[in-house]
Amino acid sequence: MSLRVLIDENRLPEHIAIIMDGNGRWAQEQGQDRLFGHFHGVASVRDIVEGSAELGIKYLTLYAFSTENWDRPKEEVAGLMGLLVETIRKEVPILNKNNIRIHVIGELSMLPDHAHNALEEALDMTSANTGLNLILALSYSSRWELVNAVKKIATDVQEGKLAPETIGQDTLQQYLATSAFPDPELMIRTSGEYRISNFLLYQLAYAELYFTQTRWPDFRKENLYEAILDFQKRERRFGKTSQQVSS
Ligand code: IPE
Ligand code: IPE
Ligand code: MG
């Protein structure tokens with residue numbers, strides 16, 4: 001039986017964020033090259049995007065490449081960029097068929113031209129879609145994003161467009177790369193690591209965190225359902241007491 005039938009469709013998270021981790025170890029455990037793991041990770045991306053769209057999730061953010069990942073061996077970085085371009089080109093028609101819109105957050109100027117171009121094309125070609133919003137965090141890190149936001153705020157203050165005394169939490173939110181999206185309610189990390197690795201530090205303030213041992217290339221819809229069911233069992237208190245929340 002699929003766990004899907006147990007999910008309460010009225011209490012779905014609107015936004016799920018995933019740290020897709022464990023590709024390298026998955027491959028090495030089979031005596032393969034790390035890139036073999038990344039290659040197989042694409043099948044999981046496809047399955048989870050499809051599963052999220054079927055459930056009616058509105059936003060799915062996938063951490064695909066961090067600012068820190070640029071420090072990996074050259075061949076791995078090049079392999080990942082190649083895989084990104086190939087996957088995007090191949091998937092855009094399917095995304096369009098499923099009404100899925102792509103967004104990207106991250107320092108895109110760091111990407112090689114072919115990757116940058118493929119992304120711009122995909123953003124453009126899916127821009128009219130109104131179903132699932134698929135947000136790729138690419139060359140992304142939260143500290144990069146926050147520094148960027150502070151710089152933009154400082155510039156706007158300097159140019160007289162923003163008065164410091166009016167700056168509130170909403171203002172800060174508007175200067176983030178994620179300004180168009182609500183905060184994730186559920187954050188999933190695969191492969192048994194219990195850390196955030198510079199991902200959405202501000203936006204995850206009240207997210208429910210879900211960690212699983214499953215390596216990303218083995219993560220499929222049923223694993224996603226399991227995470228959502230776990231999320232639906234939790235009481236989100238936002239600082240209040242349990243009694244306040246349940247009454
Ligand atoms: C996640 O898998 C994918 C990226 C970071 C690009 P890893 O490549 O980090 O896999 P492990 O953690 O080494 O197993
Ligand atoms: C986080 O995974 C980044 C992505 C999944 C893209 P890493 O594997 O790079 O994180 P650390 O280095 O183990 O913290
Ligand atoms: Mg990793």
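Conventions used here
Residues numbered from 1 in each chain as written. Chains lettered and ligands numbered in written order. Predicted model: local features only at pLDDT ≥ 70, side-chain atom pairs only at ≥ 80, totals over all residues. Heavy atoms only, no water. Helix = DSSP H or I, 4+ residues; strand = E, 2+ residues; numbered from the N terminus. Rg over C-alpha atoms; globule rule 2.2 N^0.38 Å. Buried < 20%, exposed > 50% of the residue type's maximum accessible area, 1.4 Å probe, protein only. Contact = heavy atoms within 4.5 Å. Lys, Arg positive; Asp, Glu negative; His and termini not counted. Charge placed at Lys NZ, Arg CZ, Asp CG, Glu CD. Near = heavy atom within 4 Å. Polar contact = N/O pair within 3.5 Å; in protein donor to acceptor, adjacent residues only side chain to side chain. Areas by Shrake-Rupley, 256 points an atom, 1.4 Å probe, with all protein chains shown as cover. Nonpolar A, V, L, I, M, F, W, Y, C, P; charged D, E, K, R; others polar. Core = buried A, V, L, I, M, F, W, Y, C linked by side-chain atoms within 4.5 Å.

Chemist: In this structure, what is going on with the overall build of the protein chain? I would like to understand it.
Modeler: When its secondary structure is counted, the protein chain shows eight helices and six strands. Its helices and strands taken in sequence order, the protein chain reads β-α-α-β-α-β-α-β-α-α-β-β-α-α from the N to the C terminus. The C-alpha atoms of the protein chain give 19 Å as radius of gyration, which agrees with the globular expectation for 247 residues (18 Å, within 12%). Along the first, second and third principal axes, the C-alpha set of the protein chain runs to 55 × 50 × 35 Å. Counting across all 247 residues of the protein chain, residues that qualify as buried make up 48%. Taking the intrachain contacts of the protein chain between residues at least 6 apart in sequence as the baseline, contacts between residues at least 24 apart amount to 76%. Averaging the coordinates of the 26 positive side-chain charges in the protein chain and doing the same for the 34 negative ones gives two points 2 Å apart.

Chemist: Hey, could you run me through the site of ligand 2 in this one?
Modeler: Every residue near ligand 2 is listed here: Ile 19, Met 20, Asp 21, Tyr 63, Ala 64, Phe 65, Ser 66, Asn 69, Arg 72, Arg 189, Arg 195 and Ser 197. Taking Asn 69, its side chain carries an N or O atom lying 2.9 Å from an oxygen atom of ligand 2. Here Arg 195 contributes a side-chain N or O atom positioned 2.7 Å from an oxygen atom of ligand 2. Protein contacts shield 78% of the accessible area of ligand 2, which totals 390 Å² for the unbound molecule. With four residues, strand S2 (residues 59-66) is the single largest residue contributor to the shell around ligand 2. Classifying every residue of the shell around ligand 2 by side-chain character gives five nonpolar, three polar and four charged.

Chemist: Looking at this model, I keep getting lost on the environment of Arg 101. Mind explaining?
Modeler: Positionally, Arg 101 belongs in strand S3 (residues 101-105). For the pair formed by Arg 101 and Asn 133, sequence separation is 32 residues and the distance between their alpha carbons is 5.0 Å. Those residues in contact with Arg 101 that sit more than four places away from it in its chain are Thr 126, Ser 127, Asn 129, Leu 132, Asn 133 and Leu 134.

Chemist: What's the story with the site of ligand 1 in this structure? I'm lost.
Modeler: For ligand 1, the set of nearby residues contains 13 residues, the closest of which are Asp 21, Gly 24, Arg 25, Arg 34 and Arg 72. Between ligand 1 and the protein, one listed contact pairs an oxygen atom with a side-chain N or O atom of Asp 21 at 2.8 Å. Coverage of ligand 1 by the protein amounts to 87% of the 370 Å² it exposes when considered alone. Secondary structure elements with two or more residues in the shell around ligand 1: helix H1 (23-28), helix H2 (34-55) and helix H3 (74-97).

Chemist: What exactly am I supposed to notice about the nonpolar core here?
Modeler: Judged by nonpolar contacts, the single largest core of 45 residues is most densely connected at Ile 16, Ile 18, Leu 60, Ile 188 and Ile 228. Looking at this core element by element, the count peaks at eight residues for H3. In this structure, Ile 19, Tyr 63, Ala 137 and Ala 207 belong to the second largest nonpolar core, which totals 15 residues.

Chemist: Honestly, the side chain of His 15 in this entry has me stumped. Any pointers?
Modeler: Position of His 15 relative to the elements: it lies in strand S1 (residues 15-19). Within the structure, the side chain of His 15 is placed 2.7 Å from the side chain of Thr 61, a separation counted as a polar contact. If we ignore the near neighbours within four places in the chain, the residues touching His 15 are Tyr 59, Leu 60, Thr 61, Ile 135, Phe 181, Pro 182, Asp 183, Pro 184, Glu 185 and Leu 186.

That is the geometry; function is a separate question.
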